[in-house]
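# Descriptive structure summary
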Amino acid sequence: MARALKIFSVFGSLACIFMTASFREKNDTCIPQILTQFRADSKTFAASISTLDSALHQINSTKPQTITNAKKALVSSRLAYKRIEYFLEYFFYTSSRIYNRAPKNEIEEPYLEYQELAGLQYIETMLFDSIPETHKSVFQEQTKLLSLSANDLNALLYKFGGTDKHIPEAVRIEFVRIIALGITGFDAPLLKSGIEESLSALESSREVLNLYLEKSKSDASNLSFYLNQSILYLKKNPDFETFDRLEFLTTCLFPLQNNFEKWIKSAGLEPDKKGILNSEAQNIFSENALNDKAFSSKKQNVSQAEIALGKKLFSETLLSGNGQKSCASCHNPDNYFMDGLPKSIGFAPKTFVKRNAPSILYSKYQHSQFWDGRVKSLENQIENVIRDSLEMNGKINEILTKLNAEKHYQKAFQKIFLKKNKDKITEKEIYRVIASYVETLNPYNSSFDKYMQGNKAALTENQISGFNLFMGKAQCATCHFAPLFNGLIPPLYTLTEFEILGTTKTDNLEKPENDQDEGRYHFRPIKFYKGAFKTPTVRNSAKTAPYMHNGAFKSLETLMEFYNQGGGAGMGLSVPSQTLSSAKLNLTEKEKNDIIAFLNALTDDLSDI
């Protein structure tokens, strides 16, 4: 306990020093009022922890009301935290991690250090155990840790250097957090308080924005309208499982985002630095919602000639050791860039590679590549595959000799890279041009995308129901995050998530067996990575069976039932570090079919690729 307090105290001090050093511009038109609000709200939050501590101390399984009271107290603490979330997680992110991070061990790479479980979400998991009072000592330790930290929040404001440009940016990020984490129930999947929490966060954001709107000379009537409309919708529809997320997003939050960005520009409050989130986008589901350059190592724009060359090399068998295999052998453009096999055919006859070859559509939007995330860039992934003796077994010197002997290739590389006539093709150039092509494989033209662009006839009622289930009761979106429905973690999208699902060896769920592939653990040997794999996108999943890293699941129906049962641990297998909740989802057959209907709505038209 003392060690944990010491670690968080050091992190808090470092964060305070960092922020003080980072912000120098002084334009505190609304800063004093915002700091006053933060002080008041943080005091309320600290008081809620004291109430929570008392409620947890009294829990007794023979007296169900005591457990109900503790759950209510936990919700109250969460609602109080949501009022300071936008500010705390923007300005003091490291210090904020103690309060509301996911209840799993987070690995700090590349040093392979991890933080102990802590915070409100951790308390939630224990409170929902069958006999929660067995955790009383941990509850006491957690509330003490939270109380000490919460009562010291005001110390973070010493020499605070935030400016009026930073506050709207913090609110902008909070809007994304509400969309991708709040209404999906990511923070409180068992309490199911996500709608109430989103309301608390949005009300706090409104109080902050009103300080600016009162002094702004720009017309903000539309912004105020949709802000109030969003809050009213949340108030009128508080039930987590029946909440119509699609209606809320399209009629409230998206117009709010759009008008918010317009107001920021007119008020001259645009941030000085651009992040992954693109402020020019209409909403988080727009094709340009994420800054493309944040997912590419290329500093300059790529020419069409380079993309065309990359497309040609993607199908070039000269890159393999036997002149028979290419990238397209496993990632067939005519089959949604995969081969339909559980595991792809290897380099040698009658052999197979270690894992399933997933579609590479939208693969650009990940910060790690391969199922186990062992490389960071597409270029590195391409190099690994070409050189891998099990896959293409390419010998780079032989490849370069063959390509340089082809005049059309040599001239194409010379033109693209502005080289002299005698300059040869290099290894890195090969990887780069193929990666440039792969980076273009983001169609964004599915029925779902068309609906989000305004075509309300693009989705069926079943698909709309499926989206709401995906984003709510079924908890799909708590791993397959919006807007890519992959493991890109909101609201900043700077990290790729790895999950331990307890994936079974086969899709026979009546006789489940543990799959023996240890995943990320192979090259990051820490126990919390045993069986961990990257979360892929479910876009085009209706066309890309079989599923999972081992290709064990032949249908979406069986895959849905795997999740419905709570993964491997939910079916009784020993999966000590499973990050997927082992609680059963209790989805009906209609609900499962509606989710599958929604997944079908994520199918792109590839005719122009």
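Scroll up a little and you will see the structure.
Everything in this summary refers to the structure shown in the same document. Remember, it's a predicted structure, so these values are computed and weren't measured experimentally.

## Regarding the overall build of the chain
A tally of helices and strands in the chain yields 21 helices and four strands. A compact globule built from 609 residues should have a C-alpha radius of gyration of about 25 Å, and the chain, at 25 Å, falls within 12% of that. The principal-axis extents of the C-alpha atoms in the chain amount to approximately 75 × 60 × 55 Å. In the chain, buried positions account for 56% of the 609 residues. Counting contacts in the chain only where the partners sit at least 6 residues apart, residues at least 24 apart contribute 69% of the total. Of the roughly 27000 Å² of accessible surface on the chain, a fraction of 51% belongs to carbon and sulfur atoms. In the chain, 73 side chains carry a positive charge and 69 a negative one; their mean positions are 4 Å apart.

## A look at the packing of aromatic side chains
Under the counting rule described, the total for this entry stands at 38 aromatic pairs. Each residue in the set Phe38, Tyr86, Phe87, Tyr90, Phe91, Phe92 and Phe160 is aromatic and connected to the rest through ring pairs, giving one cluster. Stacked on the ring of tyrosine 451, the Lys or Arg lysine 456 has its end atom at 4.4 Å from the ring centre. The ring of tyrosine 362 has arginine 539 lying over it, and the distance from NZ or CZ to the ring centre is 5.2 Å.

## Notes on helix α19 (residues 556-564)
Every buried residue of α19 is listed here: Leu556, Leu559, Met560, Glu561, Phe562 and Asn564. The inward-facing, buried residues of α19 contact α20 (567-570) and α21 (589-600). Positive phi shows up at glycine 566, right after α19, with a value of about 90 degrees.

## What to know about the packing of helix α2 (residues 31-57) against helix α5 (residues 120-127)
In the contact formed by α2 and α5, the axes pass within 14 Å of each other and the chain directions differ by 20 degrees. The orientation of α2 with respect to α5, classified from their angle, is roughly parallel. Considering the relative orientation of α2 and α5, their crossing is left-handed. Along the contact surface, α2 presents Phe45, Ile49, Leu52 and Leu56, while α5 presents Leu120, Ile123 and Leu127. Taken together, the residues that form the contact of α2 with α5 break down as seven nonpolar, no polar and no charged.

## Regarding empty space enclosed by the protein
Across all of its chains, the model carries two cavities of 30 Å³ or more by this definition. Here the largest cavity is characterised by a volume of approximately 140 Å³. Lining of the largest cavity is provided by 14 residues; of these, Arg172, Val176, Gln257, Glu261 and Asn278 occupy positions nearest its centre. Of all elements in the fold, only α7 (166-182) and α10 (245-266) reach the threshold of two or more residues within the lining of the largest cavity. Of the residues in the lining of the largest cavity, the class split is seven nonpolar, five polar and two charged. Here the second largest cavity is characterised by a volume of approximately 50 Å³. The set of elements that each furnish at least two residues to the lining of the second largest cavity consists of α3 (64-91), α7 and α8 (194-213). Ranked by residue count, the leading element in the lining of the second largest cavity is α7, at four residues. For the lining of the second largest cavity, a count of residues per class yields two nonpolar, two polar and five charged.

## Here's the deal with unusual backbone geometry
The residue after alanine 482, namely proline 483, is reached through a cis peptide bond having omega 10 degrees. Secondary-structure assignment places proline 483 in the loop between α18 (461-470) and β3 (498-499). For the peptide bond that leads from proline 490 to proline 491, omega is 5 degrees, which places it in the cis range. Turning to its location among the elements, proline 491 is positioned in the loop between α18 and β3. Of note in the backbone geometry, tyrosine 362 takes a positive phi value of approximately 65 degrees without being a glycine. Topologically, tyrosine 362 is positioned in the loop between α12 (327-330) and α13 (378-387).

## Section: the packing of α10 against α18
Where α10 contacts α18, the two axes come as close as 8 Å, and the packing angle between them is 95 degrees. Regarding the angle of α10 to α18, the classification is roughly perpendicular. Taken together, the residues of α18 that come into contact with α10 (itself represented by Arg245, Leu246 and Leu249) are Ile464, Phe467 and Asn468. A per-class count over the contact of α10 with α18 returns four nonpolar, one polar and one charged.

## Points about the environment of isoleucine 231
Relative to the elements of secondary structure, isoleucine 231 occurs in helix α9 (residues 221-236). Taking C-alpha positions, isoleucine 231 is 8.9 Å from serine 200, a pair spaced 31 residues apart along the chain. Not counting chain neighbours up to four residues away, the residues in contact with isoleucine 231 comprise Leu199, Leu202, Glu203 and Arg206.

## Points about the environment of leucine 313
Within the secondary structure, leucine 313 sits in helix α11 (residues 304-314). Expressed as a C-alpha distance, the spacing of leucine 313 and isoleucine 434, which sit 121 residues apart in the sequence, is 6.5 Å.

## Looking at the pattern of salt bridges
Under the definition given, this model contains 33 salt bridges. Salt-bridge contacts for lysine 104 lead to glutamate 499; the nearest nitrogen and oxygen are separated by 3.4 Å. Residue lysine 104 is found in the loop between α4 (93-100) and β1 (106-108), and its partner glutamate 499 is found in strand β3; the two are separated by 395 residues along the sequence. Ionic pairing is found between glutamate 203 and lysine 235, a salt bridge with its closest N-O pair at 3.6 Å. Here the residue glutamate 203 occupies a position in helix α8, and lysine 235 occupies one in helix α9, the gap between them amounting to 32 residues. Of the residues examined, glutamate 203 reaches a relative accessible area of 22% and is grouped as partly exposed. The class for lysine 235 is partly exposed, based on a relative accessible area of 47%. One network of salt bridges, in which partners are shared, links Arg78, Lys82, Glu85, Asp187 and Glu197.

What counts, and at which threshold
Residues numbered from 1 in each chain as written. Predicted model: local features only at pLDDT ≥ 70, side-chain atom pairs only at ≥ 80, totals over all residues. Heavy atoms only, no water. Helix = DSSP H or I, 4+ residues; strand = E, 2+ residues; numbered from the N terminus. Rg over C-alpha atoms; globule rule 2.2 N^0.38 Å. Buried < 20%, exposed > 50% of the residue type's maximum accessible area, 1.4 Å probe, protein only. Contact = heavy atoms within 4.5 Å. Areas by Shrake-Rupley, 256 points an atom, 1.4 Å probe, with all protein chains shown as cover. Lys, Arg positive; Asp, Glu negative; His and termini not counted. Charge placed at Lys NZ, Arg CZ, Asp CG, Glu CD. Phe/Tyr/Trp six-rings, centres within 6.5 Å; stacked < 30°, edge-to-face > 60°. Lys NZ or Arg CZ within 6 Å of the ring centre and 35° of its normal. Axes fitted to C-alpha atoms, helices over the stretch in contact; angles between N-to-C directions. Parallel < 35°, antiparallel > 145°, perpendicular 65-115°, else oblique. Left-handed = near helix turned anticlockwise from the far one by under 90°. Nonpolar A, V, L, I, M, F, W, Y, C, P; charged D, E, K, R; others polar. 1 Å grid on protein atoms, 1.4 Å probe; cavity = no way out; pocket = protein on both sides within 12 Å on 5 of 7 lines; lining within 4 Å. Points joined across faces, edges and corners; volume = space filled by probe spheres on them. Salt bridge = Lys/Arg side-chain N within 4 Å of Asp/Glu carboxyl O.

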